[in-house]
Amino acid sequence: MQTAFRGATSQALKFANITVPASVQVIREADQLIFSGPLGTTSLGLSRIDTEGSSALKLLPAEREIAICSVSKSFHGTLGTLIQNKLHGVTQGYIVYLRIQGIGYRASLKEQTLNLRLGFSHDIAYTLPQSLRAFLPEPTLIGLYGIDKNEVTQAAARIRALRPPSVYKGKGIRLVDEQVRVKAGKKK
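Residues numbered from 1 in each chain as written. Predicted model: local features only at pLDDT ≥ 70, side-chain atom pairs only at ≥ 80, totals over all residues. Heavy atoms only, no water.

The name recorded for the protein in an unreviewed UniProt entry is Large ribosomal subunit protein uL6 alpha-beta domain-containing protein, from Symbiochloris irregularis. Of the protein, the UniProt comment under Sequence similarities (unreviewed entry) reads exactly: "Belongs to the universal ribosomal protein uL6 family." (UniProt positions renumbered as here; feature names shortened; annotations may be inferred.)

A. Examining the pattern of salt bridges more closely. Summed over the entire model, instances satisfying the criterion amount to four salt bridges. For Asp-148, the salt bridge is made with Lys-86, and the minimal N-O distance between the two is 3.5 Å. With Asp-148 in the loop between strand E12 (141–146) and helix H3 (149–162) and Lys-86 in helix H2 (residues 73–91), this residue pair connects regions lying 62 residues apart in the sequence. On the basis of relative accessible area, Asp-148 is assigned to the buried category, the value being 17%. Overall, the relative accessible area of 9% leaves Lys-86 in the buried class. (Salt bridge = Lys/Arg side-chain N within 4 Å of Asp/Glu carboxyl O. Helix = DSSP H or I, 4+ residues; strand = E, 2+ residues; numbered from the N terminus. Buried < 20%, exposed > 50% of the residue type's maximum accessible area, 1.4 Å probe, protein only.)

B. Up close: the packing of aromatic side chains. Within the structure shown, the criterion is met by one aromatic pair. The ring centre of Phe-120 lies 4.4 Å from the NZ or CZ of Arg-163, which sits over that ring. (Phe/Tyr/Trp six-rings, centres within 6.5 Å; stacked < 30°, edge-to-face > 60°. Lys NZ or Arg CZ within 6 Å of the ring centre and 35° of its normal.)

C. Examining the side chain of Arg-174 more closely. The topology assignment puts Arg-174 in strand E13 (residues 172–175). The side chain of Arg-174 is buried and forms no salt bridge, while Glu-178, the nearest opposite charge, is found at 5.9 Å. Polar contacts involving the side chain of Arg-174 include one to the side chain of Gln-101, which spans 2.7 Å. Filtering out sequence-adjacent residues up to four positions away, Arg-174 remains in contact with Tyr-97, Leu-98, Arg-99, Gln-101, Arg-160, Pro-165 and Val-180. (Lys, Arg positive; Asp, Glu negative; His and termini not counted. Polar contact = N/O pair within 3.5 Å; in protein donor to acceptor, adjacent residues only side chain to side chain. Contact = heavy atoms within 4.5 Å.)

D. Region of interest: the sheet that holds strand E3 (residues 32–37). With respect to topology, three strands assemble into an open sheet ordered E2-E3-E4, the strand pairing being antiparallel. Edge positions in the sheet fall to strand E2 (25–29) and strand E4 (40–45), since each of these pairs with one other strand and no more. Averaged over all adjacent pairs, the angle separating strand axes in this sheet is 20°, with direction ignored. As defined by bridge partners, E3 adjoins E4 across six bridges and the pair is classed as antiparallel. Each bridged residue has a counterpart across the sheet, and for Leu-33 the counterpart in E4 is Leu-44. Running over the sheet, H2 touches E2, E3 and E4 and is turned about 170° from E4. (Pairing = 2+ DSSP bridges. Axes fitted to C-alpha atoms, helices over the stretch in contact; angles between N-to-C directions.)

E. The arrangement of the sheet that holds strand E11 (residues 133–138) in detail. Pairing in this open sheet of four strands is antiparallel, and the strands run E11-E12-E7-E13 from one edge to the other. Two strands close off the open sheet at either side, each with one partner strand: E11 and E13. Along the sheet, successive strands turn relative to each other by an average axial angle of 25°, direction set aside. Bridge count between strand E7 (residues 94–101) and E12: six bridges; the pairing is antiparallel. Paired with Tyr-94 across the strands is Gly-146, a residue of E12.

F. Spotlight on the layout of surface pockets. As a volume, the largest pocket reaches approximately 150 Å³. What lines the largest pocket is Gln-32, Ser-43, Leu-44, Gly-45, Arg-48, Ile-49 and Leu-82. Of all the secondary-structure elements, those providing two or more residues to the lining of the largest pocket are E4 and helix H1 (46–49). Of the residues forming the lining of the largest pocket, the biggest block, three residues, is contributed by E4. (1 Å grid on protein atoms, 1.4 Å probe; cavity = no way out; pocket = protein on both sides within 12 Å on 5 of 7 lines; lining within 4 Å. Points joined across faces, edges and corners; volume = space filled by probe spheres on them.)

G. Broad picture of the pairing of E2. Both E2 and E3 contribute to a ladder of five bridges, which runs antiparallel. Bridging from a neighbouring strand, Ile-27 pairs with Ile-34 of E3. Hairpin remark: E2 followed by E3, antiparallel, with two residues in the connecting loop; positive phi at Ala-30, about 55°.

This is the structure we're talking about:
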C-alpha cells in the first residue's frame, strides 16, 4: 500500500494546528511560507527544512490556522516551532541584549555600523544586516532588535565572538543573562 507520505505505512501521522493572529497574513508561494504582520514581512523556506518532502502543510484561511501533518515527531515539533517563531517575530519582534565588561571597553553606533573598543590596538567596526536595528542604552550595553529570531541571535553570537568572556577575569562581551564561571588563578 502506497501513501502520500513516505514511510507512513507503519507509523502514525502527527497532526497539529497553529493559530494565526488576526494581524498576520500567511501566504504559500512554491516552497516558501511568507508571513506579513505589523512589523514587517519574513519568509520560511520549506525545501531547506523538509528535504525529503515527508510532511504536509496546509493553510486554513477560514479558521486562521496552519495545519501540520508529519510522520516524524521531532520534525513535527521543529516545523511547529519555526512557524511560531515567525508569527511572534512579525507581531512582537525579538530583542537580545549584550553586555560589554572590561576597563575601556565600549561601543558606539553610527547608522548600521557598530564600533567596538575591545582592548585591541584597533577599533572593530561591525556592520549590522539591514533587517536588524541596534541601540545603545549605555556605552557598555548593546541591544539588537529584529523580526527574525535566527538573524538576531546569529548577529549577537557574531558580536560576542569578537571578544568572548575571559575565563580568568570575565572581561569581554556576553549576553546580559549569561553566567560566566571565572577560574581561580595561580596559587602560591
